[in-house]
Amino acid sequence: MIILVLVLLGLCLGSFVNALVWRLHEQDKLTGKKAKRAAKELSISQGRSMCPDCRHQLGFWDLLPVASWLGLRGKCRYCHHSISWQYPLVEVLTAAMFVFSYAFWPHSWTTLGVFQFAVWLVIVVGFMALTVYDARWQILPDRIVYPLMVVAAINALVVSVLSEDPMHLVYALVGVACLAGLFYAIFQVSGGKWIGGGDVKLGVVIGLLVTGPVNAILVLFVASVLGLLVALPDVFRKKSGLSKRIAFGPFLMVATVFVVLFGADLADWYTRQFLLL
Ligand SMILES: [Zn+2]
């Protein structure tokens, strides 16, 4: 039953991610007079859902996650323009992430555990939006990163208070210092070439979430391994040298998911492999 609820919730929020990313990008593209007129139409809270091509308003049967896309064979009902497979993919991935997180949730289901899980689902939705945005336009927009920072900070504070463990908050700040501090240093040294300002801000969110220096190192380790695995084939084919900036954000976020869900096990394994041998 809970799984079913999580799947439906994930599909709907995945659908929200698609709309959010598209609207933020459309809003940022527009300037001046046109922007004012379009602002309401594109508002996330007020605007009605529409086709990205013909801007026809969508009805109930066009808005069912995945099902509508399949039913319409990936085409808009009104202008027959094809709709990217990104839409159903993001919906399915969000639902899958919800179920995955539930299955491997490391905390017990106390009030605090349930609170943390709810916060985590919000973070997952934010991460999905950031990943899509970063993959498409190589930017981690402030308007998604800043709210996530607030959510992560409130989470760290609430966990610290409810578990009567002030060290949790200290650890969260240490995590921030490690990740955001390192990214900021790289950002300064490379003049923003190797890493973007968005990655520095994302470092704050991730530091607050994973807490502590060991987990911060784990995030870096996992993200680097994933980044290398993806970048190496390109490097070998010499299509792009290492100079090309890779969108690092998605790797950091995937790594964060692993560390939040499997942090304790990973830390054990990591220390045994690299520090105590
Ligand atoms: Zn259309």
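Just so it is clear, the structure is predicted and the values come from calculations on it, not from any experiment.

Further remarks concern the overall build of the protein chain. When its secondary structure is counted, the protein chain shows ten helices and zero strands. Reading the protein chain from its N end, one meets helices and strands in the order α-α-α-α-α-α-α-α-α-α. Relative to a compact globule of 277 residues, whose C-alpha radius of gyration would be 19 Å, the protein chain shows 20 Å and is just as compact. Each principal axis of the C-alpha atoms in the protein chain carries an extent, and together these give about 65 × 50 × 35 Å. Pairs at least 24 apart in sequence give 67% of the contacts found in the protein chain among residues at least 6 apart. Accessible surface for the protein chain amounts to roughly 15,500 Å². Of this, 68% is attributable to carbon and sulfur atoms. Charge separation in the protein chain, taken as the distance between the mean sites of 22 positive and 14 negative side-chain charges, equals 13 Å.

Here Ser 68 lies in helix H3 (residues 67–71). Reaching out from Ser 68, the side chain makes a polar contact with the backbone oxygen of Asp 62 at a distance of 3.5 Å. The residues touching Ser 68, leaving out its near neighbours within four places in the chain, are Trp 61, Asp 62 and Leu 63.

Below, the discussion takes up the coordination of the zinc ion. Donor atoms from the polypeptide that bind the zinc ion are Cys 51 (SG), Cys 54 (SG), Cys 76 (SG) and Cys 79 (SG), placed at 2.3 Å. One can describe the donor arrangement at the zinc ion as tetrahedral, given that its four donor atoms subtend angles of 104 to 120 degrees at the metal. Mapped onto the sequence, the donors of the zinc ion take the spacing C-x2-C-x21-C-x2-C. What makes Cys 51 buried here is its relative accessible area of 4%. The partly exposed category is assigned to Cys 54, whose relative accessible area is 33%.

What follows is about the pattern of salt bridges. According to the stated counting rule, one finds five salt bridges in the structure shown. Put simply, Asp 28 and Arg 143 hold a salt bridge, and the shortest N to O gap is 3.1 Å. On the criterion of sequence distance, the pair formed by Asp 28 in helix H1 (residues 2–29) and Arg 143 in helix H6 (residues 142–162) is long-range, its members being 115 residues apart. Under the relative-accessibility criterion, Asp 28 is labelled partly exposed at 47%. Put simply, Glu 26, Lys 29 and Arg 55 are held in one network by salt bridges that share partners.

The end-to-end C-alpha separation of helix H8 (residues 197–210) is 20 Å, in line with the 20 Å expected for 14 residues at 1.5 Å each. The buried count for H8 comes to eleven of 14 residues, which makes it a mostly enclosed element. Phi turns positive one or two residues past the end of H8, at Thr 211, with a value near 55 degrees.

With that out of the way, let us pick up the packing of helix H7 (residues 166–189) against H8. H8 packs onto H7 with a crossing angle of 165 degrees between their chain directions and a minimal axis gap of 7 Å. The angle between the axes of H7 and H8 places the two elements in the roughly antiparallel class. As for the relative orientation of H7 and H8, their crossing is right-handed in sense. Contact residues: H7 offers Ala 172, Gly 175, Val 176, Leu 179, Ala 180, Phe 183, Tyr 184 and Phe 187, while H8 offers Gly 197, Asp 199, Val 200, Gly 203, Val 204, Ile 206, Gly 207 and Leu 208. Per-class residue counts for the contact of H7 with H8 are eleven nonpolar, four polar and one charged.

Right, let's get into the domain arrangement of the protein chain. Here the protein chain is described as being made up of domain 1 (1–103) and domain 2 (108–277). Just the C-alpha atoms count here: the centres of domain 1 and domain 2 sit 26 Å apart. Facing 20 residues of domain 1, the contacting portion of domain 2 comprises 17 residues. When domain 1 packs against domain 2, close to 1,800 Å² is buried across both sides, 78% of that on carbon and sulfur atoms. For the pair domain 1 and domain 2, the interface holds six residue pairs in polar contact (both at pLDDT 80 or more).

We now examine the packing of aromatic side chains. By the definition in use, this model includes eleven aromatic pairs. Aromatic rings pair up to connect Phe 100, Phe 104, Phe 258 and Phe 262 into one cluster.

Let us now look at the nonpolar core. Judged by nonpolar contacts, the single largest core of 58 residues is most densely connected at Trp 120, Phe 127, Leu 130, Leu 202, Val 205 and Ile 206. Those elements giving two or more residues to this core turn out to be H1, helix H4 (86–103), helix H5 (111–137), H6, H7, H8, helix H9 (213–236) and helix H10 (249–275). Per-element tally for this core: the top contributor is H5, with 13 residues. Both domain 1 (1–103) and domain 2 (108–277) contribute no fewer than three residues apiece to this core. Once you skip the residues sitting within four places of it in the chain, Val 205 turns out to touch Phe 127, Val 145, Leu 148, Met 149 and Ala 152.

Conventions adopted
- Residues numbered from 1 in each chain as written.
- Predicted model: local features only at pLDDT ≥ 70, side-chain atom pairs only at ≥ 80, totals over all residues.
- Heavy atoms only, no water.
- Helix = DSSP H or I, 4+ residues; strand = E, 2+ residues; numbered from the N terminus.
- Rg over C-alpha atoms; globule rule 2.2 N^0.38 Å.
- Contact = heavy atoms within 4.5 Å.
- Areas by Shrake-Rupley, 256 points an atom, 1.4 Å probe, with all protein chains shown as cover.
- Lys, Arg positive; Asp, Glu negative; His and termini not counted.
- Charge placed at Lys NZ, Arg CZ, Asp CG, Glu CD.
- Polar contact = N/O pair within 3.5 Å; in protein donor to acceptor, adjacent residues only side chain to side chain.
- Donors = N, O, S within 2.8 Å, 3.2 Å for Na, K, Ca; no water.
- Tetrahedral: all angles 85-135°; square planar, octahedral: opposite > 155°, others 65-115°.
- Buried < 20%, exposed > 50% of the residue type's maximum accessible area, 1.4 Å probe, protein only.
- Salt bridge = Lys/Arg side-chain N within 4 Å of Asp/Glu carboxyl O.
- Expected span 1.5 Å × (residues − 1).
- Axes fitted to C-alpha atoms, helices over the stretch in contact; angles between N-to-C directions.
- Parallel < 35°, antiparallel > 145°, perpendicular 65-115°, else oblique.
- Left-handed = near helix turned anticlockwise from the far one by under 90°.
- Nonpolar A, V, L, I, M, F, W, Y, C, P; charged D, E, K, R; others polar.
- Domains from an automatic or database assignment.
- Buried area = accessible area lost by both parts, 1.4 Å probe.
- Phe/Tyr/Trp six-rings, centres within 6.5 Å; stacked < 30°, edge-to-face > 60°.
- Core = buried A, V, L, I, M, F, W, Y, C linked by side-chain atoms within 4.5 Å.

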